[in-house]
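# Structure at a glance
This is what each chain is made of:
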Amino acid sequence: NGCAVGVDCEWRPDELNLRAGTCSAASVVQISLNGLAFVIDTQEMSPVTRRALVELFSPQKNAEWQLIFFGSDQDVHRIVAAVPEILSFHNEDVIGPLCVDLQQVCGTFGLFTDFGKDLISLSDVAEAVVGRSLDKS
């Protein structure tokens, strides 16, 4: 009965950071649900948008949505760096059941063992599942 919320984010390459050992915060968060897409500039977001992100990423255990990532390890750290008020990502009991990482799902089921890759790309998944390449340009 829940809603799937697709999440992706973009960030400045870490090599360009002035402070060694730090990861770049998400500069853009992309959210999709129910046929709608939202692109949020984290450096220019309004207080209302910021509160909405905190609520989306800080669900209660009985939340009616699941967050769908592709490569959540990177995205989660980048989103928290951009919006530190999102504390639930540090609580595995709350966020664990509410997040699905499609990259991990594909790896768990061995869907891409023929590729001989450790890292599965979203383009690989789109081509294998949908039968079309993913145009990311």
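Residues numbered from 1 in each chain as written. Predicted model: local features only at pLDDT ≥ 70, side-chain atom pairs only at ≥ 80, totals over all residues. Heavy atoms only, no water.

## With respect to the sheet that holds strand β2 (residues 26-33)
Pairing within the open sheet is mixed, and its 5 strands lie in the order β3-β2-β1-β4-β5. With one partner strand each, in any of the chains shown, β3 (36-41) and β5 (99-101) form the two edges of the open sheet. Pairwise comparison of adjacent strand axes, ignoring direction, gives a mean angle of 25° for this sheet. The pairing of strand β1 (residues 3-11) with β2 spans 6 bridges and is antiparallel. (Pairing = 2+ DSSP bridges. Helix = DSSP H or I, 4+ residues; strand = E, 2+ residues; numbered from the N terminus. Axes fitted to C-alpha atoms, helices over the stretch in contact; angles between N-to-C directions.)

## Focus: the pattern of salt bridges
Per the counting criterion, the structure on display carries 1 salt bridge. The residue Arg50 makes a salt bridge to Glu85 at a minimum N-O spacing of 2.7 Å. Taken together, the residues span a long stretch of sequence, with Arg50 in helix α1 (residues 47-56) and Glu85 in the loop between α2 (72-82) and α3 (92-95) at a distance of 35 residues. Using a relative accessible area of 25% as the deciding quantity, one classes Arg50 as partly exposed. (Salt bridge = Lys/Arg side-chain N within 4 Å of Asp/Glu carboxyl O. Buried < 20%, exposed > 50% of the residue type's maximum accessible area, 1.4 Å probe, protein only.)

## Side note on the environment of Ser32
In this structure, Ser32 sits in strand β2. Contact partners of Ser32, with chain neighbours within four places excluded, come to Ala4, Val5, Gly6 and Ala37. (Contact = heavy atoms within 4.5 Å.)

## With respect to the pairing of β2
Sheet analysis places β2 next to β3, joined by 6 bridges and oriented antiparallel. Its bridge partner lying in β3, Val29 is registered against Ile40. Between β2 and β3, which pair antiparallel in sequence order, lie 2 residues; one of them, Asn34, sits at a positive phi of approximately 50°.

## Here's the deal with unusual backbone geometry
For Asn34, which is not glycine, the phi dihedral falls at a positive 50°. Position of Asn34 relative to the elements: it lies in the loop between β2 and β3. Owing to a relative accessible area of 65%, Asn34 belongs among the exposed residues under this scheme.

## Brief notes about the nonpolar core
Grouped together as the largest cluster of nonpolar side chains are 18 residues, with contacts concentrated most on Val7, Ile31, Leu53, Phe57, Leu67, Phe69 and Ile79. Mapped onto this core, the elements with two or more residues apiece are β1, β2, α1, β4 (65-69) and α2. (Core = buried A, V, L, I, M, F, W, Y, C linked by side-chain atoms within 4.5 Å.)

## Quick look at the confidence of the model for the chain
Taken residue by residue, the chain gives an average pLDDT of 79. The fraction at 70 or more is 77%. Mean pLDDT across the elements of the chain ranges from a minimum in α3, with 54, to a maximum in β3, with 94. (pLDDT = per-residue confidence, 0-100.)

## What about helix α5 (residues 122-130)?
All buried positions along α5 are accounted for by Asp124, Val125 and Ala126. Buried residues along α5 sit against α4 (102-108). At the C-terminal side of α5, Gly131 shows a positive phi close to 85°.

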